[in-house]
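# Secondary and tertiary structure notes
As a plain string of letters, each chain reads:
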Amino acid sequence: MPTLRCAHCGLVNFATATQCKRCHTPFVQDLSSAEGANVQGIVLEDGYVLPPPPAAEMLGVWRDKAKLVVSKGAPLPDRCVKCNGPAPGPKLKKKYTWHHPIFFILIFAGLLVYFIVAMFVRKTATVELGLCDEHMAKHHRNIWVTLLLILLGVGGFILALVVGENSFLLVGILLILAGIIYGVTVLKIVTPVKIDKEFAWLKGVDKNYLAGLPQWPGV
């Protein structure tokens, strides 16, 4: 397969890549002389220009009703998944895990049994999500709030040991639980509803973002 070397960072990419996998430099140029046209192609190292992809499906990103379907490893558009605004900065890499909901029934057999089975049956997908400056800043604030709550909870434990007051211990436990719940709730950005060997289905994506994607051709 032909390859394409990024002129910015030197990474060798597949010729079908539309941007560098490492630094996200776009591999496109305007091939059309017609006014108002915007035909893009991919320039290879030997100067040959590949024709533009015939459809967005080649990028491995679709919509399935209110869900985003992404092929594992496929780059997402440079748009914010929460508001569809421009997201020109580095994407946020998130690793998601999922297993069929039926395995939750194993919790009744014991948490240890559930966690062991879940480790074997889970599917994972790493997705690089685009976020605008506003939502990226909000995500960073949420990280700091989560860490602050947990650290305050640890401080409650320490204070309870120093002064011998059990009420500080209770406050510490509550703060740690609040930090964990807050982090789990707000730091996911999107939520996986299904992951298999090739694709991941994600919910919580802006509807305008989804509207610009082709319909998922699968069943």
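Just above, that's the structure.
First, a word on what this report is: a plain description of the structure on this page. (Residues numbered from 1 in each chain as written. Predicted model: local features only at pLDDT ≥ 70, side-chain atom pairs only at ≥ 80, totals over all residues. Heavy atoms only, no water.)

Let us look at the packing of aromatic side chains. Scanning the entire structure with this criterion turns up 7 aromatic pairs. Taking the centre distance of 5.6 Å and the plane angle of 80° together, the rings of Trp201 and Trp216 count as edge-to-face. You can see Trp201 sitting in strand 11 (residues 199-203) and its partner Trp216 sitting in the segment after helix 4 (207-211), a full 15 residues away along the chain. Taking relative accessible area as the criterion, Trp201 reaches 8% and is therefore assigned buried. Grouped by ring-pair contacts, the aromatic residues Trp62, Phe199, Trp201 and Trp216 constitute a single cluster. (Phe/Tyr/Trp six-rings, centres within 6.5 Å; stacked < 30°, edge-to-face > 60°. Helix = DSSP H or I, 4+ residues; strand = E, 2+ residues; numbered from the N terminus. Buried < 20%, exposed > 50% of the residue type's maximum accessible area, 1.4 Å probe, protein only.)

Moving on, we come to the state of the cysteines. Working definition of a disulfide: a covalent bond connecting the sulfur atoms of two cysteines. Counted by the stated rule, this structure contains 0 disulfides. In this structure Cys80 is not part of a disulfide, and its nearest cysteine sulfur, from Cys83, lies 3.6 Å away. The exposure class assigned to Cys80 is buried, which follows from its relative accessible area of 0%. Free cysteine: Cys132, not disulfide-bonded; nearest cysteine sulfur from Cys83 at 3.7 Å. (Disulfide = S-S within 2.5 Å.)

What follows concerns unusual backbone geometry. Not every positive phi belongs to a glycine, and Lys65 is a case in point at roughly 60°. With respect to the helices, strands and loops of the structure, Lys65 is situated in the loop between strand 6 (61-64) and strand 7 (67-71). At Asn84, a position not held by glycine, the phi torsion is positive, near 70°. As for its placement among the helices and strands, Asn84 is situated in the loop between strand 7 and strand 8 (92-98).

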